[in-house]
Amino acid sequence: MKIGKYNIRVIEMTNFALDGGAMFGVIPKPLWERTYTKADERNRINMTTRLMVLESDDKKILIDTGIGNKINDKFADIYGIDKSKSSVELALNSYGINPDEITDVILTHLHFDHVGGATKIENGELIPTFKNAEYYVQEEQYKWAMNPTFKDRASFIADNYVPLLNNQRLNLIQGEGTLFDGIDVLPIDGHTKGMQMVKIYDDVNKLLYITDLCPTSAHILAPYFMGYDNFPLTVLEEKEKYLPLAYKDDWTIFFEHDAYTQAAKIEPAKKGFQIKERLTIE
Ligand SMILES: [Zn+2]
């Protein structure tokens, strides 16, 4: 798929598993099992980490970095992570993309499943994984990550992002705007303060990297939000703001964590919106 000057590549990385109840908030289990997938024997649901690279003549922009491989075996077991597939460098290489050619990394937020690959350990030292890249995150999210509440404290691991700032590679951006030609960032606060969605667009096509506003296609439905969300009613307002836009203007919505659906178009439903068509971008 091509939008504007960008060739859009989808990078599939390791699956992982989170508690189904925590992923679907107030929705009863029999319902979410029908809408998304059956839980495993530990009540976890199968999810994935899916990234995007936007290639143009002069840039290779990566959105999010997955879980990375700084994790230990206990962590990998709790979250059902396949460590052979959690390294973003190996994943990019397998798609024929040289990690050293990444020019920019847009971080939607700093939870470990989005920013784990942003740093690595080399000769016992924590360094940015992408040696030639600038990184971008909302300043408000960085502040939140440095002083999180008990609610999402477990998702923030300072080794994933503090080295970026210490190496002068992290650009703290403020609010909504055009980051690059045809690429806007749209900050929202319901999941965690200062998370940013990414919109890639030209005159014809629009694609929304919706990050954890809707981690799976099931979360398009109005009452589906996560126990992990810090401000659930804000999530509701944000869905009520962006999903009608996505429908009206025919945006493709890209899902970072849905193990079964890469992307989709949506349509109005009785309450809110629902999936109209499931799409595979790459
Ligand atoms: Zn998150």
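Residues numbered from 1 in each chain as written. Predicted model: local features only at pLDDT ≥ 70, side-chain atom pairs only at ≥ 80, totals over all residues. Heavy atoms only, no water.

This part covers the overall build of the protein. Check the secondary structure of the protein and you find eight helices and 16 strands. For the protein, whose C-alpha radius of gyration is 18 Å, the value lies close to the compact-globule estimate of 19 Å for 282 residues. With respect to the principal axes defined by its C-alpha atoms, the protein has extents near 55 × 45 × 35 Å. The proportion of buried residues among the 282 residues of the protein is 55%. (Helix = DSSP H or I, 4+ residues; strand = E, 2+ residues; numbered from the N terminus. Rg over C-alpha atoms; globule rule 2.2 N^0.38 Å. Buried < 20%, exposed > 50% of the residue type's maximum accessible area, 1.4 Å probe, protein only.)

Now for the pairing of strand β4 (residues 60–63). Both faces of β4 are covered, namely the face carrying K60 and L62 and the face carrying I61 and I63. The antiparallel hairpin formed by strand β3 (residues 44–55) and β4 contains four residues in its connecting segment. In this sheet, strand β5 (residues 104–106) lies alongside β4 in parallel orientation, the contact comprising three bridges. Looking at the pairing, L62 lines up with V105 of β5. (Pairing = 2+ DSSP bridges.)

Moving on, we come to the pattern of salt bridges. Evaluated as defined, the whole model comprises 14 salt bridges. Measuring nitrogen to oxygen at the nearest pair gives 3.6 Å for the salt bridge that ties E101 to K60. A residue pair is termed long-range when its members are at least 10 positions apart, and E101 in the loop between α4 (88–94) and β5 and K60 in strand β4 qualify at 41 residues. Here the residues in one salt-bridge network are R9, E55 and E282, joined through shared partners. (Salt bridge = Lys/Arg side-chain N within 4 Å of Asp/Glu carboxyl O.)

Next up on the list: the environment of T280. For T280, the location among the structural elements is in the segment after β16 (273–279). Taking the relative accessible area as the measure of exposure, T280 reaches 65% and is therefore exposed.

Among the structural elements, S155 can be located in the loop between α6 (139–146) and α7 (162–166). Discounting chain neighbours no more than four positions away, the residues touching S155 are L110, H111 and F112. (Contact = heavy atoms within 4.5 Å.)

Here we take up the packing of aromatic side chains. When we look at a pair of aromatic rings, we describe it by the centre distance and by the angle of the planes. Applying the stated criterion across every chain yields a total of 14 aromatic pairs. On the numbers, 5.3 Å between centres and 25° between planes, the contact of F24 with W32 is stacked. With relative accessibility at 0%, the residue F24 sits in the buried group. Stacked on the ring of F150, the Lys or Arg R153 has its end atom at 4.4 Å from the ring centre. (Phe/Tyr/Trp six-rings, centres within 6.5 Å; stacked < 30°, edge-to-face > 60°. Lys NZ or Arg CZ within 6 Å of the ring centre and 35° of its normal.)

In sheet architecture, strand pairing relies on hydrogen bonds along the backbone and comes in two forms, parallel and antiparallel. Taking strand neighbours across the sheet as the criterion, the seven strands line up as β10-β11-β12-β13-β14-β15-β16 in an open arrangement whose pairing is mixed. Unpaired on one side and paired on the other, β10 (177–180) and β16 mark the two borders of the sheet. Neighbour to neighbour, the strand axes of the sheet diverge by 35° on average, direction disregarded. Where β10 lies against strand β11 (residues 183–188), three bridges are found, and the strand directions are antiparallel. Its bridge partner lying in β11, T178 is registered against D184. Strands in contact with helix α8 (residues 232–248) are β11, β12 (195–201), β14 (252–254), β15 (263–268) and β16; relative to β15, the strand with the most contacts, it is inclined by about 100°. (Axes fitted to C-alpha atoms, helices over the stretch in contact; angles between N-to-C directions.)

The next point concerns the sheet that holds strand β2 (residues 6–19). Pairing is mixed in the open sheet, where seven strands are placed in the order β1-β2-β3-β4-β5-β8-β9. Each of the sheet's edge strands pairs with one partner strand only, and the pair in question is β1 (2–3) and β9 (170–173). Set on the sheet, α6 makes contact with β8 (134–138) and β9; between it and β8 the angle comes to about 80°.

When a metal carries six donors in an octahedron, the ideal angles between them are 90 or 180 degrees, while four donors in a tetrahedron ideally lie at 109.5 degrees. Distances from the zinc ion to its protein donors, H109 (NE2), H111 (ND1), H191 (NE2) and D212 (OD), fall at 2.1 to 2.3 Å. With four donor atoms in place around the zinc ion and angles of 89 to 176° between them, the coordination shape is irregular. Every donor residue of the zinc ion comes from the same chain, spaced as H-x1-H-x79-H-x20-D. Placement of the pair is H111 in the loop between β5 and α5 (112–115) and H191 in the loop between β11 and β12, with a sequence separation of 80 residues. (Donors = N, O, S within 2.8 Å, 3.2 Å for Na, K, Ca; no water. Tetrahedral: all angles 85-135°; square planar, octahedral: opposite > 155°, others 65-115°.)

Gaps left between atoms are located by rolling a probe of water-molecule size over the structure's atoms. What the largest pocket holds in volume is close to 220 Å³. Classifying every residue of the lining of the largest pocket by side-chain character gives nine nonpolar, four polar and four charged. (1 Å grid on protein atoms, 1.4 Å probe; cavity = no way out; pocket = protein on both sides within 12 Å on 5 of 7 lines; lining within 4 Å. Points joined across faces, edges and corners; volume = space filled by probe spheres on them. Nonpolar A, V, L, I, M, F, W, Y, C, P; charged D, E, K, R; others polar.)

These values are about where atoms sit, not about what they do.
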